[in-house]
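Coordinate inspection notes
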Amino acid sequence: MKISAPHMGHLHLMLADLFQRMGVEYVKPPPTTTKTLQIGAKVSPEFACLPLKINLGNFIEALEAGADSLVMAGGHGPCRFGYYGIVEDRILRDLGYEFDFYMLEPFNDGAWKFYKLFESLSPGLSIRSLWKILKVSFSKGRAFDRLYKRALQIRACEINRGDTSRALKKAEAVLTAAYSPNEIEEAAAESMAILEAVERDPDRQVLKVGIVGEFYLLLEPFSNFGLEEFLGHMGVYLERSVWVTDWIAPNRNNIIYGYPKKLVKQKAAPYLNHNVGGEGQETVGSVVLFAERGFDGVIQLLPFGCMPENIATSILPKVQQYHDIPVLTLAFDEQSGRAGVITRVEAFLDLLSARRMKRNAGVAAPLEPAAAAMSERM
Amino acid sequence: MRVGIPRSLLYYKYLPFWKTFLASVGLEVETSPMTNRKILADGVKVAENELCVPVKAFYGHCLALRDRVDALFVPRVVSMEERAYTCPKFLGLPDMIAAVAERLGLPPLLTPHLNQREKPSEFKWQLINFARDEFGIDRLDAVAALESAKLAQRQFQDGLAGGRTPLDLLPQSRLNRPRRRKAAGPSKRIGLLGHPYNIYDGYITQNLIARLEEIGAELVVPEMTDHHALMNAATDVPKQLYWTYEKEIMGAINLWTEKRQVDGVIYVLAFACGPDSLIQVLIEHRARTYNVPLMSLTIDEHSGEAGLVTRIEAFTDMLMRKRREHGNVEAVA
Ligand code: SF4
Ligand code: SF4
């Protein structure tokens, strides 16, 4: 069996680890490129949301690369994601591809079903060993997420542009090589140390921006034109509301993000008092949280036509008004271009800098690194 | 107190129930006019640009009622059956309207929370509590209101099962539908698939029904089949659909194709409709497999009537040609 799954940020690192432990051959789809998206968009319904289109591109490229089995996560609504797999399977078969398809439904949908799926991938796998594998693999995933989170903060203050990204690559490699629980623990510390060693300017005045929105858009840099790295290079300190291991962990305590789902929903309640699928409620609640913590602004990322996020976008003007925080909403589809996105982000950062300056009025405002970086680019 | 029900979205499914319930607890009920240019334009102006056209129209209907009622009825219809949902947008609708209420000067909103996902019997209590909290109605009176509302809804559904459409059964304004003009020769049986708030909203769908009737089409709509029969017919998928209304649509096309109840299908879907964007794939596959011609018609606030007429004429002509070539498709009682 040669199994593959769609890309989503660094998910492939976790999957490679998981499948190795299970003794299943994993075919990593070729990296997502514009061509991947074009292939996927061509075979997708026109107004399917962007993640589905990229998924399909990944699947097709993986099948062409020799995969014979595909796995996709499931869910039970109310949004589209839980039904992606069924539709993707249909589209691929209509195109003439042959493969085995596995849909991984959430654990709380039935532990037995969950186990059976893994067992069918790796016959003879006992419940105990599956549990152990998942635990170790997950702890490695957590270590990855901690690195990525820290990088978002460090990059804003790096002295040599690109140092953080380079250090992150090294740290990633160290962690990827770790296998046993002990090795993982050591590698987690070592990789974090690599990242912390990035030379920084501790006095730099940085803008603080929260990133919220739909989870695929937040987790897959390809889909948002590497926006986080760009913002980091502009000297913007970032925190983000969605993390892959937070999303997988059934308790939803959001250890990486730092705010349990329950709290986020409470914060959203005055404005959006019901789950609307996806991250709709989390987006609204997170804007409130970032505002309360004094962030300069929030950027909301979503696939064009994303239902939960469109609901959130409809409500955010009220949140912005009550909490006095600027929000930039960016919707992406296969027609989006990097230049347009960057222009809007730069204008937004100007706005945030101006607000910061006003707030600090009277004090000689230090040169905003964002503004500095911008003039340097122009 | 006068309460306004926007003539939009789930109005087309549950008006008899809601109206009877609200009237039975002592409210005066008013509905907004049929969608017109101003209503849609107003809605488009305030609604988020990426939303589907029926939700945009809903904003417009709320505005149309603004100065005529003391409260707006915007229920949160989460789920109408076990283990299912309606559409995310119905889950968020009261909050979306509330977010613009102040700015637009809308009257207070009445937003009962209707959710039968966990337990269908909850529905009753949700309404009883709603009547108590909002209007101080005691339980017995609320139960009585609920019973008459159910009765009204059942009559509506019986009427639909008898071959009539929501257009025949729901109150209409003077802008009524045209009289049927039977064309000479064998008529074409066209299955009209889609959400009722699109299909039966003459303004949103550019008088699609009237157009089809003018050219002598015999229309078959999902509402003519009993809800449970539709649900049963939609179970042949590897994973059950969790959107009730999409399941109805799937059930309808499955029945129509299997029993050869239609010569062709027109599938109306709103631009940016989330659920439809996915099941469209399954519907088109089904039609292909059973060799039933299908035309997908995407609508938004910019759709023009001229383009629509050309497309449906081309489609019905094709159906006629096909019928002449292959002889009559066997009829099913
Ligand atoms: S949350 Fe958005 S992107 Fe995800 S399935 Fe729903 S509509 Fe699509
Ligand atoms: S089902 Fe589609 S058309 Fe209806 S409200 Fe939801 S997105 Fe809009």
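The structure contained in this document is the topic of the report that follows.

Rules used throughout
- Residues numbered from 1 in each chain as written.
- Chains lettered and ligands numbered in written order.
- Predicted model: local features only at pLDDT ≥ 70, side-chain atom pairs only at ≥ 80, totals over all residues.
- Heavy atoms only, no water.
- Helix = DSSP H or I, 4+ residues; strand = E, 2+ residues; numbered from the N terminus.
- Rg over C-alpha atoms; globule rule 2.2 N^0.38 Å.
- Buried < 20%, exposed > 50% of the residue type's maximum accessible area, 1.4 Å probe, protein only.
- Contact = heavy atoms within 4.5 Å.
- Areas by Shrake-Rupley, 256 points an atom, 1.4 Å probe, with all protein chains shown as cover.
- Lys, Arg positive; Asp, Glu negative; His and termini not counted.
- Charge placed at Lys NZ, Arg CZ, Asp CG, Glu CD.
- Axes fitted to C-alpha atoms, helices over the stretch in contact; angles between N-to-C directions.
- Parallel < 35°, antiparallel > 145°, perpendicular 65-115°, else oblique.
- Nonpolar A, V, L, I, M, F, W, Y, C, P; charged D, E, K, R; others polar.
- Near = heavy atom within 4 Å.
- Domains from an automatic or database assignment.
- Core = buried A, V, L, I, M, F, W, Y, C linked by side-chain atoms within 4.5 Å.

For chain A, the count of helices and strands is 16 helices and eight strands. Here the C-alpha radius of gyration of chain A, 21 Å, is about what a compact globule of 378 residues would show, namely 21 Å. Per-residue burial over chain A gives 57% buried out of 378 residues. The contacts of chain A with a sequence gap of at least 6 include a subset with a gap of at least 24, amounting to 72%. For chain A, the accessible area works out to roughly 15,500 Å², and carbon and sulfur atoms hold 55% of it. Counting 42 positive and 44 negative side-chain charges, chain A places the centres of these two groups 4 Å from one another.

The next thing to look at is the packing of helix α11 (residues 244-258) of chain B against helix α12 (residues 274-289) of chain B. Residue and element names in this part refer to chain B. Look at α11 against α12: their axes get within 10 Å of each other, and the N-to-C directions meet at 10 degrees. By the angle between their directions, the pair α11 and α12 is classed as roughly parallel. On α12, the residues touching E246, I249, M250, I253, N254, T257 and E258 of α11 are P275, D276, I279, L282, I283, R286 and A287. Classifying every residue of the contact of α11 with α12 by side-chain character gives eight nonpolar, two polar and four charged.

A word on the site of ligand 1. Residue and element names in this part refer to chain A. The immediate surroundings of ligand 1 are formed by C49, P51, C79, R80, F81, Y84, E214, G278, P303, C306, M307 and P308. Secondary structure elements with two or more residues in the shell around ligand 1: α4 (81-94) and α14 (307-323). Taken domain by domain, the makeup of the shell around ligand 1 includes at least three residues from each of domain 1 (2-125) and domain 3 (204-375).

Before going further, it helps to spend a moment on the nonpolar core. Core analysis: the biggest nonpolar cluster contains 187 residues, and A:I299, B:L192 and B:I266 have the highest contact counts within it. In terms of residue count, the dominant contributor to this core is helix α6 (residues 127-154) of chain A (ten residues). Core analysis: the next-biggest nonpolar cluster, separate from the first, contains 45 residues, A:F47, A:C49, A:F99 and B:V281 among them.

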